[in-house]
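This is what each chain is made of:
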Number of protein chains: 2
Amino acid sequence: MDPRATFPVTPRTRAGRKPERASYDRAAAHAILDEALVASVGFVDDGVPFVIPMAFARQGERLLLHGSSKSRLLLLLAQGAPICVTVTLLDGIVLARSAMHHSMNYRSVMVLGTPRELVAEAEKRAALERVVDHVLACRSLATRPPNERELRATRVFALELEDVSIKSRGGGPIEDADDLGLAHWAGVIPLGIQALAPVPDPLHAPAAPTPAGASSYQRGRVVSAREVQP
Amino acid sequence: MDPRATFPVTPRTRAGRKPERASYDRAAAHAILDEALVASVGFVDDGVPFVIPMAFARQGERLLLHGSSKSRLLLLLAQGAPICVTVTLLDGIVLARSAMHHSMNYRSVMVLGTPRELVAEAEKRAALERVVDHVLACRSLATRPPNERELRATRVFALELEDVSIKSRGGGPIEDADDLGLAHWAGVIPLGIQALAPVPDPLHAPAAPTPAGASSYQRGRVVSAREVQP
């Protein structure tokens, strides 16, 4: 087996509760990271935990984060602060016959580590392109690239994919045997992200036509009814 | 003005960067919390930040979290650990003529504090009902309530809504004047949560018909094209 097919299990990523929901599969983690649009980035400031939503991208075996040179998080990162980046895709609501077996279907990835700043201009430019292309494929080719001033005002950090774990749940409700006869409906409401028709810049009509990738924007897989069948 | 209409600004919730995106409006925070299905809960364990996705609910002026009595987070909470609960609703992708002005439209709420355990049985039961009803209105009436064993195996914590802040972005791209003539498309791809047709428990066909709230499940507002017009 390819030793790189799974992330190593570390004391920090070893599953405690519900180990059946945990996985360390590298390709599966990549796929979840690539599908998610927003990451929840956790850090500690003066002993207090903070979680903020951020745009991000995966570039090979690392995650990219960026922001204003003046942002609090980026100043902490520059000092070598450890972070936790968690992304979560919500796939459905699980309704059970019993209140306690209600659940969610989801796929989440947690990445722990200490990001390193990218300072070389070429590397920084490539990373910022990747962040734009994460949102819409090839978008960086159809936009003005960062200029010198913008590059200086932006810091980019890379977090290696080393301490990585997946948690997920799929399928229908899991009930106590005694509850199966109860006259309550049980099943799954599948959820996905829906993109509506693009809205051109309302202040300044764009000179270019709406790109095809925007008109038919699709993010990841909408879980189909078929997938929750046994 | 009703002093309770806004949350007090504290050193921890005062906006640093982009204060125009910050708000402390109580009703708006309630609405975002009520629309979100998953919270990103941040905590510190041995100096390391962790962020995990959790189900939650708002009950008046507090958030409710629950979990297995044996979970790591809940053991930390029982010791009085501070947490950060952040929810984020993604409303759209903002494509600009310049790479650096790409953005996201979103609404997020961050709640800081130290949760308190609910131990009285009646209070615990009411909280667990609220968590189920958060996902689907009145669902707790159509499901078997927790029994004694389930109640004992579950801990419930309440986090007061005191240290609360909103961050949000809406509208179209904000461009540099020099870029407005560029021949790149610019605008917004609105995003929302889409619910598909409910899938009955594939292992044991439910005895009850699909509830109307599941068949026509709607979560919050799908941002319509009209809303990003000026």
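Residues numbered from 1 in each chain as written. Chains lettered and ligands numbered in written order. Predicted model: local features only at pLDDT ≥ 70, side-chain atom pairs only at ≥ 80, totals over all residues.

Caption draft 1: Main features of the overall build of chain A. Scanning chain A for helices and strands turns up five helices and twelve strands. If you line up chain A on its principal axes, its C-alpha atoms span 65 × 45 × 40 Å. Taking all 230 residues of chain A together, the buried fraction comes to 44%. Sequence-distant contacts in chain A: of pairs separated by 6 or more residues, those separated by 24 or more amount to 72%. (Helix = DSSP H or I, 4+ residues; strand = E, 2+ residues; numbered from the N terminus. Buried ≥ 20, exposed ≤ 12 C-beta atoms within 10 Å, placed from the backbone. Contact = placed C-beta atoms within 7 Å.)

Caption draft 2: Just the relation of the copies chain A and chain B, in detail. Superposing chain A onto chain B takes a rotation of 180° combined with a translation of 0.0 Å along the rotation axis, leaving an RMSD of 0.0 Å. Such values leave the two copies arranged in the relation of a two-fold axis. Relative to the rotation axis, the C-alpha of Ile193(A) is the closest in chain A, positioned 2.4 Å from it. The share of interface residues of chain A whose copies in chain B are also at the interface is 100%, consistent with both copies meeting through the same surface. (Least-squares fit on C-alpha atoms with pLDDT ≥ 70 in both.)

Caption draft 3: Here's a closer look at helix 3 (residues 121-135) of chain B. With 15 residues, helix 3 of chain B extends 22 Å from end C-alpha to end C-alpha; this agrees with the ideal 21 Å at 1.5 Å per step. For helix 3 of chain B, the set of buried residues is Ala127(B), Leu128(B), Glu129(B), Val131(B), Val132(B), His134(B) and Val135(B). In this structure, the buried side of helix 3 of chain B is in contact with strand 6 (83-95) of chain A together with strand 4 (57-59), strand 5 (62-68), strand 8 (116-118) and strand 9 (154-160) of chain B. (Expected span 1.5 Å × (residues − 1).)

Caption draft 4: Summary view of the interface of chain A and chain B. Contacts between the two partners involve 91 residues from chain A and, on the opposite side, 91 residues from chain B. For the side of chain A that touches chain B, the secondary-structure elements that each account for two or more residues are strand 2 (39-45), strand 3 (48-54), strand 6, strand 7 (103-113), helix 3 (121-135), strand 11 (187-195) and strand 12 (199-200) of chain A. A total of nine residues in the side of chain A that touches chain B trace back to one element, the largest contributor, which is strand 11 of chain A. When the residues that make up the side of chain A that touches chain B are grouped by side-chain class, the tally is 61 nonpolar, 20 polar and ten charged. Pairing geometry for strand 11 of chain A and strand 11 (residues 187-195) of chain B, over five bridges, is antiparallel. Residue Gln194(A) lies in a different strand from strand 11 of chain B, and its bridge partner there is Gly192(B). (Nonpolar A, V, L, I, M, F, W, Y, C, P; charged D, E, K, R; others polar. Pairing = 2+ DSSP bridges.)

Caption draft 5: Here's a closer look at helix 1 (residues 26-35) of chain B. All names here are of chain B. Every buried residue belonging to helix 1 is among Ala-29, Ile-32 and Leu-33, and all of these are buried. Mapping the buried residues of helix 1 onto a view down its axis gives an arc of 100°, with all of them on the same face. Residues of helix 1 that are exposed and angled more than 90 degrees away from the buried face: Ala-27 and Asp-34. (Arc of directions from axis to C-beta.)

Caption draft 6: Structural view of the sheet that holds strand 9 of chain B. Residue and element names in this part refer to chain B. Read across the sheet, four strands follow the order 4-5-9-8 without closing on themselves; strand pairing throughout is antiparallel. Each of the sheet's edge strands pairs with one partner strand only, and the pair in question is strand 4 and strand 8. When the angles between neighbouring strand axes are averaged without regard to direction, this sheet yields 40°. Pairing analysis gives three bridges linking strand 8 to strand 9, with the strands arranged antiparallel. Counted as the bridge partner of Leu-118 is Val-156 from strand 9. (Axes fitted to C-alpha atoms, helices over the stretch in contact; angles between N-to-C directions.)

Caption draft 7: Broad picture of the confidence of the model for chain A. Residues and elements named next belong to chain A. Here chain A shows a mean pLDDT of 92. Residues at 70 or above account for 95%. Taking the mean pLDDT of every element in chain A, the minimum, 90, falls on helix 5 (residues 212-215) and the maximum, 98, on strand 7. Among the prediction metrics, the complex's ipTM stands at 0.94, with pTM recorded as 0.94. (pLDDT = per-residue confidence, 0-100.)

Caption draft 8: The arrangement of the pairing of strand 10 (residues 163-169) of chain B in detail. Residue and element names in this part refer to chain B. Among the seven residues that make up strand 10, five are buried, leaving the element largely enclosed by the rest of the structure. The pairing of strand 1 (residues 22-23) with strand 10 spans two bridges and is antiparallel. Each residue of the ladder has a partner; that of Ser-23, found in strand 10, is Ile-166. Pairing analysis gives seven bridges linking strand 7 (residues 103-113) to strand 10, with the strands arranged antiparallel. Counterpart to Leu-112 in the pairing with strand 10 is Asp-163.

Caption draft 9: Broad picture of the environment of Ser215(A). Residues and elements named next belong to chain A. Within the fold, Ser-215 resides in helix 5. Accessibility expressed as a C-beta count within 10 Å gives 12 for Ser-215, which makes it exposed. Separated by 21 residues in the primary sequence, Ser-215 and Gln-194 place their C-alpha atoms 12 Å from one another. Among all residues touching Ser-215, those that are not within four sequence positions of it are Pro-198 and Thr-210.

Caption draft 10: Seen up close, the pairing of strand 9 of chain B. All names here are of chain B. Most of strand 9 sits inside the fold, with five of its seven residues counted as buried. Pairing of strand 5 with strand 9 involves seven bridges; the strand directions are antiparallel. Following the sheet pairing, Leu-65 is matched in strand 9 by Phe-157.

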